[in-house]
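Chain by chain, the residues run as shown.
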Amino acid sequence: NAGVTQTPKFQVLKTGQSMTLQCAQDMNHNSMYWYRQDPGMGLRLIYYSASEGTTDKGEVPNGYNVSRLNKREFSLRLESAAPSQTSVYFCASSERDSATAFNQPQHFGDGTRLSIL
Amino acid sequence: AQKITQTQPGMFVQEKEAVTLDCTYDTSDPSYGLFWYKQPSSGEMIFLIYQGSYDQQNATEGRYSLNFQKARKSANLVISASQLGDSAMYFCAMRGGSSNTGKLIFGQGTTLQVKP
């Protein structure tokens with residue numbers, strides 16, 4: 001009963017290094033999301049993919065890129081890591097997402113704790 | 001702009017008592033959904049309960065219920081018969097129905113401590 005699986009769970013990077021966070025879901029969900037959580041704050045949306053083949057920017061997309069590899073997988077890439085990107089990153093998925101399907105709960109992975117020195 | 005406000009940074013409750021966690025929201029969308037998530041110290045986000053803006057009745061899920069007051073734009077979470085395992089951070093979140101596809105707006109959270 002895996003749900004949403006994120007790898008790695010922890011990572012330390014140096015400023016300027018690149019890295020890809022991986023996310024896979026086994027619930028046959030159409031929509032997937034990447035969030036970041038900073039201390040004392042709620043989650044903020046970085047990018048999302050409403051369906052396979054589409055991606056859109058969220059609230060804080062600068063410094064990130066995403067790839068919806070297939071229906072199951074949605075990766076987040078930091079091309080040149082900066083200390084301001086130190087955060088906990090969460091991937092989530094929902095059955096579908098549209099202007100009329102806003103009642104679908106998003107199911108989250110366990111998070112990736114990323115530190116950039 | 002949509003906004004979620006949780007005004008209680010921290011709350012204490014005695015085991016077996018009920019507790020209410022406050023959430024107010026602001027949106028111009030006529031249709032929207034409200035969600036509550038629990039984040040234990042281990043870090044994962046657990047979906048608890050959902051309330052739709054057009055739902056006639058308050059949502060309930062086991063020991064969790066939602067006190068939804070649409071006119072006041074509040075969606076407070078009520079946890080009955082608190083247990084030690086309820087100690088966690090709780091987030092209220094909103095999803096607008098018209099122009100915010102994909103965007104779940106979160107409040108800053110309330111930390112709940114259950115005392116034995």
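For the structure, check the block above.
Residues numbered from 1 in each chain as written. Chains lettered and ligands numbered in written order. Predicted model: local features only at pLDDT ≥ 70, side-chain atom pairs only at ≥ 80, totals over all residues. Heavy atoms only, no water.

Draft legend 1. Spotlight on the overall build of chain B. Broken down by element type, chain B carries zero helices and twelve strands. Scanning chain B from its N terminus toward the C terminus, one meets helices and strands in the order β-β-β-β-β-β-β-β-β-β-β-β. Relative to its length of 116 residues, chain B is compact, with a C-alpha radius of gyration of 14 Å against a globular reference of 13 Å. Each principal axis of the C-alpha atoms in chain B carries an extent, and together these give about 45 × 30 × 20 Å. For chain B, buried positions account for 52% of its 116 residues. By element, 48% of the accessible surface of chain B is carried by carbon and sulfur atoms, the whole surface being about 5,400 Å². Put simply, chain B has 10 plus and 9 minus side-chain charges, and the middle of one group is 5 Å from the middle of the other. (Helix = DSSP H or I, 4+ residues; strand = E, 2+ residues; numbered from the N terminus. Rg over C-alpha atoms; globule rule 2.2 N^0.38 Å. Buried < 20%, exposed > 50% of the residue type's maximum accessible area, 1.4 Å probe, protein only. Areas by Shrake-Rupley, 256 points an atom, 1.4 Å probe, with all protein chains shown as cover. Lys, Arg positive; Asp, Glu negative; His and termini not counted. Charge placed at Lys NZ, Arg CZ, Asp CG, Glu CD.)

Draft legend 2. Representation of the packing of aromatic side chains. All chains considered together, the criterion is met by 14 aromatic pairs over all chains. Both rings, one in A:Tyr33 and one in A:Tyr48, keep their centres 6.5 Å apart while their planes meet at 25°; by these two values the pair is stacked. With A:Tyr33 in strand E4 (residues 31-37) and A:Tyr48 in strand E5 (residues 43-49), this pair connects stretches of sequence that are 15 residues apart. Judged by its relative accessible area of 0%, A:Tyr33 falls in the buried class. For A:Tyr48, a relative accessible area of 10% corresponds to the buried category. Summarising the aromatic geometry, the rings of B:Tyr37 and B:Phe106 are spaced 6.0 Å apart at their centres and angled 45° between planes, so their arrangement reads as tilted. (Phe/Tyr/Trp six-rings, centres within 6.5 Å; stacked < 30°, edge-to-face > 60°.)

Draft legend 3. Quick look at the state of the cysteines. Applying the stated rule across the entire model yields two disulfides over all chains. Residue A:Cys23 pairs covalently with A:Cys91 via a disulfide, S to S 1.9 Å. Measuring handedness by torsion sign, the sulfur bridge of A:Cys23 and A:Cys91 sits at about -75° and is left-handed. A residue pair is termed long-range when its members are at least 10 positions apart, and A:Cys23 in strand E3 (residues 19-25) and A:Cys91 in strand E9 (residues 87-94) qualify at 68 residues. Taken as a pair, A:Cys23 and A:Cys91 share a single burial class, namely buried. At a sulfur-sulfur separation of 2.0 Å, the disulfide partner of B:Cys23 is B:Cys92. Given an S-S torsion of about -60°, the disulfide between B:Cys23 and B:Cys92 has left-handed geometry. Taken together, the positions of B:Cys23 in the loop between strand E3 (19-21) and strand E4 (24-26) and B:Cys92 in strand E10 (residues 88-96) put the pair 69 residues apart, joining distant regions of the chain. The class of B:Cys23 is buried, set by a relative accessible area of 1%. The class for B:Cys92 is buried, based on a relative accessible area of 0%. (Disulfide = S-S within 2.5 Å.)

Draft legend 4. Main features of the sheet that holds strand E8 (residues 74-78) of chain A. Residue and element names in this part refer to chain A. Strand order in the open sheet made by the four strands is E1-E3-E8-E7, with antiparallel pairing throughout. Edge positions in the sheet fall to strand E1 (4-7) and strand E7 (64-68), since each has one partner strand and no second. Sheet twist, expressed as the average angle between the axes of neighbouring strands with direction ignored, equals 20°. The pairing of E1 with E3 spans four bridges and is classified as antiparallel. The residue of E3 that forms the bridge with Thr5 is Ala24. (Pairing = 2+ DSSP bridges. Axes fitted to C-alpha atoms, helices over the stretch in contact; angles between N-to-C directions.)

Draft legend 5. Structural detail: the pattern of salt bridges. All names here are of chain A. This structure, assessed with the given rule, holds five salt bridges over all chains. Across the pair Glu79 and Arg77 runs a salt bridge, and its minimum N-O distance is 3.2 Å. You can call Glu79 partly exposed: its relative accessible area is 42%. With relative accessibility at 29%, the residue Arg77 sits in the partly exposed group. (Salt bridge = Lys/Arg side-chain N within 4 Å of Asp/Glu carboxyl O.)

Draft legend 6. Main features of unusual backbone geometry. Cis geometry is found at the peptide bond from A:Thr7 to A:Pro8, where omega equals -5°. Locating A:Pro8 in the fold gives a position in the loop between E1 and strand E2 (10-13). Positive phi is not limited to glycine here, since A:Asn28 has a value of about 60°. Turning to its location among the elements, A:Asn28 is positioned in the loop between E3 and E4. Given a relative accessible area of 54%, A:Asn28 falls into the exposed group. A positive phi angle is found at B:Lys73, which is not glycine, with a value near 55°. With respect to the helices and strands, B:Lys73 occurs in the loop between strand E8 (64-69) and strand E9 (74-79). By relative accessible area, B:Lys73 is classed as partly exposed at 29%.

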